[in-house]
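Examining the three-dimensional arrangement
Here's the letter readout for the chains.
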Amino acid sequence: MLHPAEPWQQSGRWDLIGDELFRLKDRKEADLCLAMTHEEIFTTLALELSSYKQLPQVWYQIQTKLRDEPRPKSGVLRVREFTMKDSYSFDLDQAGLDVAFANHYTAYQRIFARLGLSAVPVEASSGMMGGAGSVEFMVRSDAGEDWIVVCPTGDYSSNVETASAVLAPVEDPTPASLEKFATPGVRTIKGLEEFDGGAAANRQIKSLFYVVDSDLVVVLMRGDHSLVEQKLLDGLSVVEARPATADEIFAAVGAHPGSLGAVGVEGFRIVADLALKNRGGMTTGANDDDFHLRNVDMDRDIRVDDWLDLREVLGGEPCINCGAPLEVEKTIEIGHIFKLGTRYSEPFGATVLDENGKSQSIFMGSYGIGVERNMAAIVEANHDSKGIIWPVSVAPYQVVITVLRPEDADTFGAAIRVYDELRLAGVDVILDDRNERPGVKFADAELVGFPLRITVGPRGVESGFLELVTRATGEIEEVSVGDIVGVTRDRLVGSPQ
RNA sequence: CGGGCUGUGGCGCAGCUUGGUAGCGCGCUUGUCUGGGGGACAAGAGGUCGCGGGUUCAAAUCCCGCCAGCCCGACCA
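Figured I'd write up the structure that's included with this text. (Residues numbered from 1 in each chain as written. Chains lettered and ligands numbered in written order. Predicted model: local features only at pLDDT ≥ 70, side-chain atom pairs only at ≥ 80, totals over all residues. Heavy atoms only, no water.)

Remarks on the packing of aromatic side chains
Counted under the stated rule, the structure contains nine aromatic pairs. Taking the centre distance of 6.0 Å and the plane angle of 80° together, the rings of Tyr108 and Phe112 count as edge-to-face. Within this pair, Tyr108 and its partner Phe112 are both found in helix H4 (residues 94-114), separated by four residues, close to a single helical turn. Exposure class is identical for Tyr108 and Phe112. Each is buried. The structure contains a cluster of three or more aromatic residues connected by ring pairs, namely Phe42, Trp59, Tyr88 and Phe90. Sitting above the plane of the Phe291 ring, Lys180 keeps its charged end 5.1 Å from the centroid. Its guanidinium or amino end placed over the ring of Tyr344, Arg343 lies 4.6 Å from that ring's centre, counting from NZ or CZ. (Phe/Tyr/Trp six-rings, centres within 6.5 Å; stacked < 30°, edge-to-face > 60°. Helix = DSSP H or I, 4+ residues; strand = E, 2+ residues; numbered from the N terminus. Buried < 20%, exposed > 50% of the residue type's maximum accessible area, 1.4 Å probe, protein only. Lys NZ or Arg CZ within 6 Å of the ring centre and 35° of its normal.)

Considerations on the environment of Ser237
Looking at the secondary structure, you find Ser237 in the loop between helix H6 (229-236) and strand E13 (242-243). With 190 residues separating them along the chain, Ser237 and Leu47 place their C-alpha atoms 27 Å apart.

Remarks on unusual backbone geometry
With an omega of 0°, the peptide bond between Leu55 and Pro56 qualifies as cis. Mapping Pro56 onto the fold places it in the loop between helix H3 (39-45) and strand E4 (57-66). A positive phi angle, close to 50°, is found at Asp213, a residue other than glycine. With respect to the secondary-structure elements, Asp213 resides in the loop between strand E11 (205-212) and strand E12 (215-222). Backbone geometry at Asn278 places phi at a positive 65°, although glycine is not the residue there. Here Asn278 lies in the loop between strand E14 (269-273) and strand E15 (282-285).

A few points about the protein's contact with RNA strand B
Close contacts around RNA strand B come from 34 residues, with Arg67, Arg78, Met128, Arg437 and Glu446 the closest. Put simply, 33% of the atoms of RNA strand B that lie within 4 Å of the protein are in sugar or phosphate. The side chain of Glu229 places a nitrogen or oxygen atom 3.4 Å from a phosphate oxygen of RNA strand B. One nitrogen or oxygen atom from the side chain of Arg437 is found 2.3 Å from a base oxygen belonging to RNA strand B. By residue number, the principal contributor to the surface near RNA strand B is helix H12 (residues 438-448), which donates seven residues. Considered class by class, the residues forming the surface near RNA strand B number ten nonpolar, eight polar and 16 charged. (Near = heavy atom within 4 Å. Polar contact = N/O pair within 3.5 Å; in protein donor to acceptor, adjacent residues only side chain to side chain. Nonpolar A, V, L, I, M, F, W, Y, C, P; charged D, E, K, R; others polar.)

Some remarks on empty space enclosed by the protein
Per the stated rule, a full pass over the model turns up one cavity of 30 Å³ or more. At three residues, the largest contribution of residues to the lining of the largest cavity is made by strand E18 (residues 327-341). Across the lining of the largest cavity, the residue classes tally to three nonpolar, two polar and five charged. (1 Å grid on protein atoms, 1.4 Å probe; cavity = no way out; pocket = protein on both sides within 12 Å on 5 of 7 lines; lining within 4 Å. Points joined across faces, edges and corners; volume = space filled by probe spheres on them.)

Brief notes about helix H14 (residues 484-494)
For H14, every residue scored as buried is listed here: Ile484, Val485, Val487, Thr488 and Leu492. Viewed along the axis of H14, the buried residues span an arc of 165°, placing them on a single side of the element. Opposite its buried face, H14 presents the exposed residues Asp490, Val493 and Gly494, each directed more than 90 degrees away. Buried positions along H14 lie against strand E24 (399-403), helix H11 (409-424), strand E26 (452-456), strand E27 (465-470) and strand E28 (476-480). (Arc of directions from axis to C-beta. Contact = heavy atoms within 4.5 Å.)

Next comes the structure, spelled out in structure tokens:
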């Protein structure tokens, strides 16, 4: 969908979002974009609402979305243009939004179950959507690109972008005075671990320099911990940040990556991961190439502006709710629901009058399901070496009638009769009357993945028994012509829905 | 954006190093046989070799530029 720039400027996302928003100009040089989601448009439509009596409402559509991905990949899983079923809820207050959100949560779980998908709801970052609180629905798959953290006891699940875990305490030595020492050629955490007089990774402070809104920000992590960039973005309430270049860093502190630290650094915002809180006896770069500092005390030596949870949770770390070892799994994101609150209604002035005649910004929610991704996830979860095995609920047809020798009038007539009877019985059936060899037609039916196949050939017509094959199991049943409709319906009910 | 690679009948590819007649498989057309797990034989049709420029007597092949796509990484609600 082509959108004018104005609504996107009004929400602020025109400037907030980077190259992922596909911008273009028309012949009059007017700014346009290809919509990556439709909050702006639905909020504009919501300007029509004027009274609390019109709320709550839920609107939905199935629409094309476009995101200018740096690198589309993985077949249909990550593409520039895709189809999304998105809905938007409108409520008078937070309580109403909570209800709409909970309803969607339940409905989505039922949708995914009917699609034959085992969807795991997880806490997630709202990213560029804004608002507070969001839940992603994930399906475990090696083809996925998202990592989630789950507790095997079922009391915790989160995208790694928001996940936390209990941190094992570290015993620090008694405080000592800061000491600068030469570390010729040492440029990495590992290098400093192996250096004589160096320090274990969990006794080091890793200093990362980022550019946020064209300002330099120093990010401090424990040496053995990895930064989750999304946590940094969320913690700083920004949508974009990038690592500073070596040149930018040198211009700022006079040292190169590998010898960086935050001790005595002034003029930049310094944010530190919670794992460093109260730590002492640490080792870090001295902002002087080939020199490090030891006996660094976080409280005494570093002016931290913000303490944030920034680190990546690893498998095996204790759950924050029950202490059980967490598991990290690769998944496909098949749905994402957001509590937008007044993130969009306020800048657009989408308000209604409440029962006291007072103007209130509408509380909105936004709920998306990626259609192609769901199909891909279904196929990933339901296939074998021969092809797809569609669950009955989403199969293009529930039954295929494979007619052998369709030019034989008796055989074709029998096939048509079964076809008509099944249709009358409400079964979604397709007739393969192509003049192909049996092997070709069987193989095609299995590749496409119809849940059931009925074979009608001269042999069966003569004997009065037809072959009913269940795709998922390969089970073959000989069913009399008179029973075929009933047995077929029984098998459909018994199949995965 | 960094690294690697590909673009040749409808589809999948070979040919390019070493310039000279565009070839193979599948599919398609016609015919005969065949007919319950991807048939056999025979005869055919079908190609601006991604686009533009250059070198050359001669370019699918060598050189330059561009476009599109794929893989790894970065990035990605």
